[in-house]
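What follows is the residue order along each chain.
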Amino acid sequence: MSDGSAAAVRDLSQPEGADRNGSVISADVDWAELELEDGGPSISGGTLVGIQTSQTIYLGHVESEETLGNRQRLRVRVDHWLALQDVSSLQKLWSQEPSG
């Protein structure tokens, strides 16, 4: 994933959590570092979050957080990730299978 990718971040501990706007600083299969830029409520350490970029969905727990003015930087331990291209391929395959 390239640095600066736009990301939607959701606090999964909130039943109707709204997506937050941020950008990915770096990410791989184990860790994601991102910065929330919308000045919304802080997300605390240990919180389960979902992160979606144009290419990937990550699920994980906030390992650490730092507040920088109206921005917040998060380091997330990735528990699961899924490439959106793979999801699209699976959906196409499943839709082609005969029912019954």
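Summary of the structure given here.

Criteria and cut-off values
Residues numbered from 1 in each chain as written. Predicted model: local features only at pLDDT ≥ 70, side-chain atom pairs only at ≥ 80, totals over all residues. Heavy atoms only, no water. Helix = DSSP H or I, 4+ residues; strand = E, 2+ residues; numbered from the N terminus. Buried < 20%, exposed > 50% of the residue type's maximum accessible area, 1.4 Å probe, protein only. Contact = heavy atoms within 4.5 Å. Patch = residues over 30% accessible without salt bridge, like charges linked within 9 Å, V, L, I, M, F, W, Y side chains within 5 Å. Areas by Shrake-Rupley, 256 points an atom, 1.4 Å probe, with all protein chains shown as cover. Salt bridge = Lys/Arg side-chain N within 4 Å of Asp/Glu carboxyl O. Pairing = 2+ DSSP bridges. Axes fitted to C-alpha atoms, helices over the stretch in contact; angles between N-to-C directions. Lys, Arg positive; Asp, Glu negative; His and termini not counted. Polar contact = N/O pair within 3.5 Å; in protein donor to acceptor, adjacent residues only side chain to side chain. Phe/Tyr/Trp six-rings, centres within 6.5 Å; stacked < 30°, edge-to-face > 60°. Lys NZ or Arg CZ within 6 Å of the ring centre and 35° of its normal.

**Quick word on the overall build of the protein**
- From N to C terminus, the protein includes one helix and six strands.
- Going from the N terminus to the C terminus, the protein shows its helices and strands as β-β-β-β-β-β-α.
- Once the C-alpha set of the protein is aligned to its principal axes, its extents read approximately 55 × 30 × 20 Å.
- Going through the 100 residues of the protein one by one, you find that 28% of them count as buried.
- Across the protein, every contact between residues at least 6 apart in sequence was considered, and the portion connecting residues at least 24 apart equals 45%.

**Comments concerning the environment of A7**
- On the secondary structure map, A7 appears in strand β1 (residues 5-11).
- By relative accessible area, which is 7% here, A7 ends up buried.
- Separated by 33 residues in sequence, A7 and G40 have C-alpha atoms that sit 15 Å apart.
- Residues contacting A7, with those up to four places away along its chain left out, are R20, N21, G22, S23, V24, I51, Q52 and T53.

**Regarding a nonpolar patch on the surface**
- The grouping of L12, L48 and L59 at the surface amounts to a nonpolar patch, some 210 Å² of accessible area in total.
- Turning to its location among the elements, L59 is positioned in strand β5 (residues 56-68).
- Here L59 falls in the partly exposed class, since its relative accessible area comes to 34%.

**So, the sheet that holds strand β6 (residues 71-83)**
- Taken in spatial order, the six strands close into a barrel running β1-β2-β3-β6-β5-β4, and their pairing is antiparallel. Averaged over all pairs of adjacent strands, the angle between their axes in this sheet comes to 45°, without regard to strand direction.
- Bridge analysis of strand β2 (residues 20-27) against strand β3 (residues 31-36) gives five bridges, and the strand direction is antiparallel. From the neighbouring strand, A27 faces β3, where its bridge partner is A32.
- With respect to the sheet, helix α1 (residues 84-96) is in contact with β4 (48-52), β5 and β6, its orientation differing from that of β6 by roughly 35°.

**Section: the side chain of D11**
- Along the chain, the position of D11 falls in strand β1.
- Buried and without a salt bridge, D11 has R20 as its closest oppositely charged side chain, separated by 7.1 Å.
- Of note is the side chain of D11, whose polar atom sits 2.5 Å from the side chain of S13.
- Dropping the residues within four chain positions of it, D11 is found in contact with G17, I43, T47, L48 and V49.

**Focus on the packing of aromatic side chains**
- Tallied over the full model, the rule gives zero aromatic pairs.
- Its end group placed over the ring of W31, R75 keeps NZ or CZ at 3.9 Å from the ring centre.

**Thoughts on the environment of G46**
- Take G46: it is sitting in the loop between β3 and β4.
- Distance from G46 to E63, taken between C-alpha atoms, is 6.1 Å for residues 17 residues apart in sequence.
- Once residues lying within four places of it in the same chain are set aside, the contact partners of G46 are H61 and V62.

**With respect to the side chain of S5**
- If you trace the backbone, S5 turns up in strand β1.
- Ignoring anything within four residues of it in the chain, the contact list for S5 reads G22, S23 and V24.

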